[in-house]
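Remarks on the overall topology
Here is what each chain is made of, one letter per residue.
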Amino acid sequence: MAKVLIAGAGVGGLSTAHHLRRRLPSSDEIVVFDQSAVHTFWPSLLWLMTGTRKETEVVRPLAQLRDPGIRVIEAPITAIDAETKTVVAGDQSWTGDALVVALGADLDPSLIPGLAEVPGNFYTLDGAHAVWRQLQDLQQGRIAVLISRAPFKCPAAPYEAAMLIDGFLRKRRRRPAFELSVWAAEAAPMAVAGPQVSQAVVDALAHRDIHYHPNQTVERVEGKTRHLTFHENANLEPYDLLAYVPPHRVPQVVSAAGLAPSDGWVAVDRHSLETSFSNVFAIGDVTGIPLALGKPLPKAGVFAHRQGEVVAEAIAARLLGRPSSESFDGHGECFIEMGQGLAGFARGNFYAEPTPTIRVYRSGRHWHAGKVAFERQWWSQWW
Ligand SMILES: Cc1cc2nc3c(=O)[nH]c(=O)nc-3n(C[C@H](O)[C@H](O)[C@H](O)COP(=O)(O)OP(=O)(O)OC[C@H]3O[C@@H](n4cnc5c(N)ncnc54)[C@H](O)[C@@H]3O)c2cc1C
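For every chain, the first residue of the written sequence is number 1, and numbering continues from 1 onward in sequence order. In keeping with the model being predicted, local features are shown solely for residues with a pLDDT of at least 70 and side-chain atom pairs are shown and tallied solely at 80 or more, while totals for entire chains, interfaces and linings include all residues. Neither water nor hydrogens contribute to the side-chain values; these are computed over all heavy atoms in the structure.

**Looking at the pairing of strand β2 (residues 29–34)**
Put simply, the test is: Only protein chains enter the accessibility calculation, which uses a 1.4 Å probe; a residue whose area is less than 20% of its type maximum is buried, one above 50% is exposed, and one in between is partly exposed. Numbering goes from the N terminus for both helices and strands, where a helix is a DSSP run of H or I of at least four residues and a strand is a run of E of at least two. Seen with its strands pointing away from the viewer, a crossover is right-handed when the path leading from the first strand over the helix to the second is clockwise. Pairing between strands is defined by DSSP: at least two bridges between them are needed.
Of all the 6 residues making up β2, 5 are buried; the element is thus mostly covered by neighbouring parts of the structure. The handedness of the strand β1 (residues 3–7) to β2 crossover, carried by helix α1 (residues 11–23), is right-handed. Two elements, β2 and strand β5 (residues 71–74), share 4 bridges in a ladder whose sense is parallel. The residue bridging F33 from the neighbouring strand is I73, located in β5.

Pasting the structure below:
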């Protein structure tokens, strides 16, 4: 009887577990570990923070996964031994024939003085709620969407957040009373996808009168007086509502295991997702996959999901003694919410050289409907 351990029950972990379950005999064990009792569909946080979703619509208990052949251990992983494929969670340790590390990126607002005291981290459930509460109460003022550091997961999300806030205010006829800005620690939106995609996002922001300030690295946040200080800018920038993306870093348990440097990400084979340890794979946001243009593959659920399928096939093939032809090829797509029932869409090959080849599709209501349909499918496939 074989045992596969999957660290993390997020997008990549659940994708791996379900694809493995279909391939392995029921006598083989699949064990998934997560520190959280619930799975969150992260893209829906943008709708929660603008009032079109409730918390019960964006999370599901892991204990209610439909497939009884996937064992879920709800406990924080405190240590990983990659050599022996051992995971320590709670007060128990587990050793498997293969290990998949899908622990995502840790969010750490404490890396920027003052940021952690501000309740607008919309990359968490609490922070998205906090933005929604403030949006309802505020009658006028300055709203700042802040990208504090790169890389961050879902390169589109903060731009979508700004456009959804704009749409919410327009619907309530309150938009003229607000100044809406995006302050970004990056040179252009979604730059890995190429200048055409960046320009499309910049144009969409301008069309909505959202001020875009690229290349701005926040140094400090004064929560009491509501000011931002940037490295590149001598002015104190005032805000009334701050919605922010915090700095991301590799989970400490992953760097302690020797799988990544503490200031980096897990290196993997770009096609098989295997680490330097045999039968230890890493997928999703925890990885750093360099692209030919000198930037890494973006951190996005679409990649974590597909990588989970590839790794599941590779592990099943090895355990069953058959060849595997699956390989992660860098293809991905992304809906870009634009508010007022509109969305854009981009799709392409991020592994293409010398630069990714991405096609941008004209925005429309159908892409928004597509994102809603994807959300519905996400929940119905496993719960
Ligand atoms: C607001 C927002 C909108 C987004 N929109 C999109 C989108 O439209 N399209 C898209 O492709 N991507 C989107 N993303 C990004 C996407 O959600 C992530 O890229 C994806 O979740 C990565 O999957 P993962 O499995 O690598 O990590 P995660 O899904 O983050 O899962 C990691 C899991 O590991 C667990 N974990 C971490 N440390 C430990 C530990 N020590 N012990 C036990 N468990 C642990 C966590 O609890 C978590 O469940 C969005 C993200 C956000 C925040």
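**Examining the sheet that holds β1**
Keep this limit in mind: For helices, the fitted axis covers only the stretch in contact; all axes are lines through C-alpha atoms, and the angles between them, taken along N-to-C directions, range from 0 to 180 degrees. Any two residues having at least one pair of non-hydrogen atoms within 4.5 Å are treated as being in contact.
Pairing within the open sheet is parallel, and its 5 strands lie in the order β5-β2-β1-β9-β19. Edge positions in the sheet fall to β5 and β19 (280–282), since each of these pairs with one other strand and no more. Here the strands of the sheet are splayed against their neighbours by 20 degrees on average, with no regard to which way each runs. Packing against the sheet, helix α8 (residues 301–320) makes contact with β1, β9 (98–101) and β19, and its axis sits at approximately 170 degrees to β19.

**Focus on the nonpolar core**
Just so we agree on the cut-off: Residues belong to a common nonpolar core when they are buried Ala, Val, Leu, Ile, Met, Phe, Trp, Tyr or Cys residues joined through side-chain atoms within 4.5 Å. Each domain's extent was defined by an automatic or database domain assignment.
Counting residues in hydrophobic clusters, the biggest one holds 117 residues, and the most contacted among them are L20, F33, F122, I143, V254 and L259. A total of 9 residues in this core trace back to one element, the largest contributor, which is helix α5 (residues 157–171). Three or more residues apiece are contributed to this core by two domains, here domain 1 (3–105 + 250–320) and domain 2 (108–248). Not counting the four nearest positions on each side in its chain, F33 is found in contact with L5, I6, A7, G8, A9, I73, I77, V87, A89 and W94.

**As for the site of the ligand**
Rules: One heavy atom within 4 Å of a molecule or strand is enough for the residue carrying it to be called near that molecule or strand. Residues adjacent in sequence count toward polar contacts only when both atoms are side-chain atoms; beyond that, a polar contact is any pair of N or O atoms within 3.5 Å, and within protein one must be able to donate a hydrogen and the other to accept it. Using the Shrake-Rupley algorithm and a 1.4 Å probe, accessible areas are obtained, with residue cover drawn only from the displayed protein chains.
Neighbouring residues of the ligand: 27 residues in total, closest G12, D34, I77, D285 and V302. The separation between a nitrogen atom of the ligand and a polar main-chain atom of Q35 is 3.0 Å. Taken by itself the ligand offers 1,000 Å² of open surface, and the protein chains cover 92% of this. Only α1 and α8 provide two or more residues apiece to the shell around the ligand. The residue makeup of the shell around the ligand includes at least three contributed by each of domain 1 (3–105 + 250–320) and domain 2 (108–248).

**Digging into the domain arrangement of the chain**
Here is the rule: A simple way to read buried area is as the amount of 1.4 Å-probe accessible surface that goes missing from two parts once joined, with both sides added. Salt bridge, as used here, is a side-chain nitrogen of Lys or Arg placed within 4 Å of a carboxyl oxygen of Asp or Glu.
Domain annotation of the chain identifies domain 1 (3–105 + 250–320) and domain 2 (108–248). For domain 1 and domain 2, the distance between their C-alpha centroids amounts to 29 Å. Residue-level contacts link 20 residues of domain 1 with 23 residues of domain 2. With both chains or domains summed, domain 1 and domain 2 bury close to 1,800 Å², and 77% of this area falls on carbon and sulfur atoms. Counting the surface domain 1 buries against domain 2, the share from its top three residues, L46, M49 and T50, is 34%. Viewed at the interface, domain 2 and domain 1 are joined by 0 salt bridges. Along the contact surface separating domain 1 from domain 2 lie 2 residue pairs in polar contact (both at pLDDT 80 or more).

**Looking at α8**
Residue pairs spaced three or four apart in an α-helix point in one direction, given the helix's 3.6 residues per turn. Stated precisely, the cut-off is as follows: Take the number of residues in a helix, subtract one, and multiply by 1.5 Å to get its expected span.
The terminal C-alpha atoms of α8, which comprises 20 residues, lie 28 Å apart, in line with the 28 Å expected from a rise of 1.5 Å per residue. One or two residues past the end of α8 sits G321, with phi positive at roughly 70 degrees.

**Observations concerning the packing of aromatic side chains**
What counts here: The rule is short: rings of Phe, Tyr and Trp, with Trp giving its six-membered ring, pair when the centres are within 6.5 Å, and they are stacked under 30 degrees, edge-to-face over 60, tilted in between. Definition used: whenever NZ (Lys) or CZ (Arg) falls within 6 Å of the ring centre and also within 35 degrees of the ring normal, the charge is taken to sit over that ring.
According to the stated counting rule, one finds 19 aromatic pairs in the structure shown. When the ring of Y361 is compared with that of W367, the centres are 5.6 Å apart and the planes differ by 65 degrees; the resulting orientation is edge-to-face. Classification of Y361 as partly exposed rests on a relative accessible area of 22%. Note on W379 and W383: the rings are 5.2 Å apart at their centroids and 75 degrees apart in plane angle, and the pair reads as edge-to-face. When its relative accessible area of 6% is taken as the criterion, W379 is described as buried. The class for W383 is buried, based on a relative accessible area of 16%. Members of the aromatic cluster, each reached through a chain of ring pairs, are F41, F374, W378, W379, W382 and W383. The ring of W379 carries the charged tip of R60 above its face, separated from the ring centre by 4.3 Å. A cation over a ring is seen here: K153 above W42, with NZ or CZ 5.0 Å from the ring centre.

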